[in-house]
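Structural characterization, general
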Amino acid sequence: MTWTMLYLRSRRVPLALAAALGGATVVWALCLAFAEERDVASTVVVMTVLLMVAVLAPTLAGPDDDLDRTASMRWPWRRAAHLLAVLLVALGVLLVTRYTGARFGPVALVVRDAAGLLGLTALCASVVGAARSWFLPLGWTTVAALYPMTGTWGAAATWQSQPPDSDAATLVAATLALGGLVTYSIVGPARREVSENP
């Protein structure tokens, strides 16, 4: 078995990928069946992006923290490649729907939210661990989708639900994406707490 296959299996990537694709397919099929317009509502687009990122978030850490930290490999570029691969999967799945009867878009919205939410998830993985890294993105995005605000500060606070041409939302998403990529690539996921059984 090659190193890549061992890496993917140890991080449960096949299972997470199947769940992410399955979830996105179910949402797409429901939109195709019940939506009155071809373009999917922006709230549904944002929540579908969040679903895919949250399902793929646990793959950001392996089963053995010590092995990840002591292995004689250069982890930063592997971690960066992992994040970029997750981003490409999310973008590819959602943007391929542009050629179907239920379109996820606009493209700028999908790219901005996928990059920003993945960056936020990667930052959380470096602080609280990959298993809980999706909590903050889920809470923040749910509130932002339900209560979008206007104005510069409002658009920055609810960047996920803003129109794709919002400069404040794009700036926040780009900052989170870059910060998450750099932090996760260098630091890696936070160590899990080991419970001591007497």
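For the structure given in this document, a descriptive report is provided here. Treat the numbers as computed from the prediction; the structure is a model and nothing was measured.

1. A word on unusual backbone geometry
A cis amide bond links G105 to the next residue, P106, at an omega of 0°. Tracing the sequence through the fold places P106 in the loop between helix 5 (75-95) and helix 6 (107-128). The phi torsion at R12 lies on the positive side, around 55°, for a residue other than glycine. With respect to the element layout, R12 can be found in the loop between helix 1 (3-10) and helix 2 (13-34). The partly exposed category is assigned to R12, whose relative accessible area is 41%.

2. Brief notes about the environment of G188
Looking at where G188 falls in the secondary structure, it is placed in the segment after helix 9 (167-187). Given a relative accessible area of 0%, G188 falls into the buried group. Distance from G188 to G129, taken between C-alpha atoms, is 9.1 Å for residues 59 residues apart in sequence. Once you skip the residues sitting within four places of it in the chain, G188 turns out to touch R79, A125, S126 and T183.

3. What about the pattern of salt bridges?
All chains considered together, the criterion is met by two salt bridges. Between R103 and D39 there is a salt bridge, with the nearest N and O atoms lying 2.8 Å from each other. Remark: D39 occurs in the loop between helix 2 and helix 3 (42-56) and R103 occurs in the loop between helix 5 and helix 6; sequence separation between them is 64 residues. Since its relative accessible area comes to 38%, D39 is described here as partly exposed. Across the salt bridge formed by R112 and D113, the nearest N and O atoms sit 3.0 Å from each other.

4. A word on the packing of helix 6 against helix 9
When two helices pack together, their arrangement is given by the angle between the helix axes and by the axis-to-axis distance. Put simply, helix 6 and helix 9 touch, their axes get as near as 7 Å, and they point 40° apart. Here helix 6 lies oblique to helix 9, going by the angle between them. With respect to the hand of their crossing, helix 6 and helix 9 are arranged in left-handed fashion. Residues R112, A115, G116, G119, L120, A122, L123, A125 and S126 of helix 6 form the contact with helix 9, whose own contacting residues are A169, T170, A173, L176, A177, G179, G180, T183 and Y184.

5. Focus: the side chain of S185
Along the polypeptide, S185 turns up in helix 9. Residue classification places S185 among the buried positions, given a relative accessible area of 7%. Within the local environment of S185, its side chain forms a polar contact with the backbone oxygen of L181, the two atoms lying 2.6 Å apart. Apart from residues lying up to four places away in sequence, S185 is in contact with W75, P76, R79, A80 and G180.

6. Quick look at helix 6
Helix length check: helix 6, at 22 residues, gives a terminal C-alpha distance of 31 Å against a target of 32 Å (1.5 Å per residue), a fit within 8%. Of the residues flanking the end of helix 6, it is G129, one or two places downstream, whose phi is positive at about 100°.

7. Here we look at the packing of helix 6 against helix 7 (residues 135-146)
Packing of helix 6 against helix 7 brings their axes to within 8 Å, and their N-to-C directions diverge by 140°. In terms of axis orientation, helix 6 runs oblique to helix 7. Two secondary-structure elements touch here, helix 6 through L117, L120, T121 and C124 and helix 7 through L136, P137, W140 and T141. Residues of the contact of helix 6 with helix 7, tallied by class, amount to six nonpolar, two polar and no charged.

Definitions and cut-offs
Residues numbered from 1 in each chain as written. Predicted model: local features only at pLDDT ≥ 70, side-chain atom pairs only at ≥ 80, totals over all residues. Heavy atoms only, no water. Helix = DSSP H or I, 4+ residues; strand = E, 2+ residues; numbered from the N terminus. Buried < 20%, exposed > 50% of the residue type's maximum accessible area, 1.4 Å probe, protein only. Contact = heavy atoms within 4.5 Å. Salt bridge = Lys/Arg side-chain N within 4 Å of Asp/Glu carboxyl O. Axes fitted to C-alpha atoms, helices over the stretch in contact; angles between N-to-C directions. Parallel < 35°, antiparallel > 145°, perpendicular 65-115°, else oblique. Left-handed = near helix turned anticlockwise from the far one by under 90°. Polar contact = N/O pair within 3.5 Å; in protein donor to acceptor, adjacent residues only side chain to side chain. Expected span 1.5 Å × (residues − 1). Nonpolar A, V, L, I, M, F, W, Y, C, P; charged D, E, K, R; others polar.

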